Amino acid sequence: MTDSSLLSGKLLFEFQTISAMVEIYCKAHHCNKPQNSLCESCDEFLAYAETRLDRCPYGQEKPTCNKCPVHCYKPKMKQKAREIMIYAGPRMLLPHPIMAIKHLLAERKPAPGKPPKEASNRHLRKQS
Ligand SMILES: [Zn+2]
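Residues numbered from 1 in each chain as written. Predicted model: local features only at pLDDT ≥ 70, side-chain atom pairs only at ≥ 80, totals over all residues.

## Observations regarding the overall build of the protein chain
Spelled out, the test is: Here a strand is any run of E in DSSP of at least two residues, a helix any run of H or I of at least four, and the numbering for each starts at the N terminus. Each radius of gyration is computed over the set of C-alpha atoms, and the globule rule expresses the reference value as 2.2 Å times the number of residues to the power 0.38. Residue burial is a threshold on neighbouring C-beta atoms within 10 Å of the residue's own C-beta, all placed from the backbone, with 20 or more meaning buried, 12 or fewer meaning exposed, and counts in between meaning partly exposed. Placing C-beta atoms from the backbone, we regard two residues as in contact once those atoms come within 7 Å.
Looking only at helices and strands, one finds five helices and zero strands in the protein chain. Overall, the protein chain shows an N-to-C arrangement of helices and strands of α-α-α-α-α. Whereas a compact globule of 128 residues would reach a radius of gyration of roughly 14 Å, the protein chain reaches 15 Å, a difference of no more than 12%. Projecting the C-alpha coordinates of the protein chain onto the three principal axes gives extents of approximately 45 × 30 × 25 Å. Counting every position in the protein chain, which comprises 128 residues, the buried fraction comes to 23%. A separation threshold of at least 6 residues defines the contact pool for the protein chain, and within that pool the share at least 24 residues apart is 74%.

Structure below.
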């Protein structure tokens, strides 16, 4: 699992969940890489996901991406995210049961309204 020096709290947890999914996905689909690391394109995807989380206007109140009214991923990355979720989502329960269950619970929350002002992790980070 990859860690993030930018994120904290819920956003960090979400990043760790995504990184665990990317690992499962990459391991099964991309073999030409050193052991226990991601291939270049999955690594790039994870870095992109981290930036998106950092800039998410909901900050710590972030809904799951499925429920979110803001579509912040560019199309290519969105497509890759979908592929990763479809493959790794159901495979998360065994290796990472707590992450999988927390994510499922979050999915049941209703879609949020407009994001609050200046709540993104990036904004708060720049202030301190
Ligand atoms: Zn890969």
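## Side note on the confidence of the model for the protein chain
Here is the rule: One number per residue, pLDDT, summarises how confident the predictor is, and it ranges from 0 to 100.
For the protein chain, per-residue confidence averages 91 on the pLDDT scale, and residues scoring 70 or more make up 98% of the total. Considering each helix and strand of the protein chain separately, the mean pLDDT is smallest for helix α4 (residues 97-107), with a value of 89, and largest for helix α2 (residues 40-55), with 96.

## Side note on unusual backbone geometry
The backbone of E118 shows a phi angle near 50 degrees, a positive value even though the residue is not glycine. Relative to the elements of secondary structure, E118 occurs in the loop between α4 and α5 (121-127). With 11 C-beta atoms packed within 10 Å, E118 lands in the exposed category.

## A closer look at the packing of helix α1 (residues 9-29) against helix α3 (residues 75-88)
Note the cut-off: In this description, a line fitted to the C-alpha atoms serves as the axis of each element, helices being fitted only across the stretch in contact, and the angle between N-to-C directions of two axes falls anywhere from 0 to 180 degrees. Should an angle fall under 35 degrees it is taken as roughly parallel, and over 145 as roughly antiparallel, whereas 65 to 115 is taken as roughly perpendicular and any remaining angle as oblique. Polar here means any residue other than Ala, Val, Leu, Ile, Met, Phe, Trp, Tyr, Cys and Pro, which are nonpolar, and Asp, Glu, Lys and Arg, which are charged; Gly is therefore polar.
Interhelical geometry of α1 versus α3 gives an angle of 85 degrees and a closest axis separation of 9 Å. Classified by the angle between their axes, α1 and α3 sit roughly perpendicular to one another. Touching M21, V22, I24, Y25 and A28 of α1 are I84, M85, Y87 and A88, all from α3. Classifying every residue of the contact of α1 with α3 gives nine nonpolar, no polar and no charged.

## Observations regarding the nonpolar core
Across soluble globular proteins, nonpolar side chains show a tendency to be buried alongside one another. Condition: Definition of nonpolar core: a set of buried Ala, Val, Leu, Ile, Met, Phe, Trp, Tyr and Cys residues joined via C-beta atoms within 7 Å.
By size, the foremost hydrophobic cluster in this structure holds 19 residues, and its most contacted members are M21, V22 and L46. With seven residues, α1 is the single largest residue contributor to this core. Setting aside anything within four residues of it in sequence, one finds L46 in contact with T2, I18, S19, V22 and L38.

## Overview of the packing of α1 against α2
Counted only if it meets this: By the definition used in this description, the sense in which the near helix is turned from the far one sets the handedness, with an anticlockwise turn below a right angle giving left-handed and a clockwise turn giving right-handed.
At a minimum axis separation of 10 Å, α1 and α2 run at an interaxial angle of 165 degrees. In this view, α1 runs roughly antiparallel relative to α2, as classed from their interaxial angle. Between α1 and α2 lies a crossing whose hand is right-handed. Of α2, the residues touching α1 (which contributes L11, E14, F15, I18, S19, V22 and C26) are C42, F45, L46, A49, E50 and L53. Grouping the amino acids of the contact of α1 with α2 by side-chain chemistry returns 10 nonpolar, one polar and two charged.

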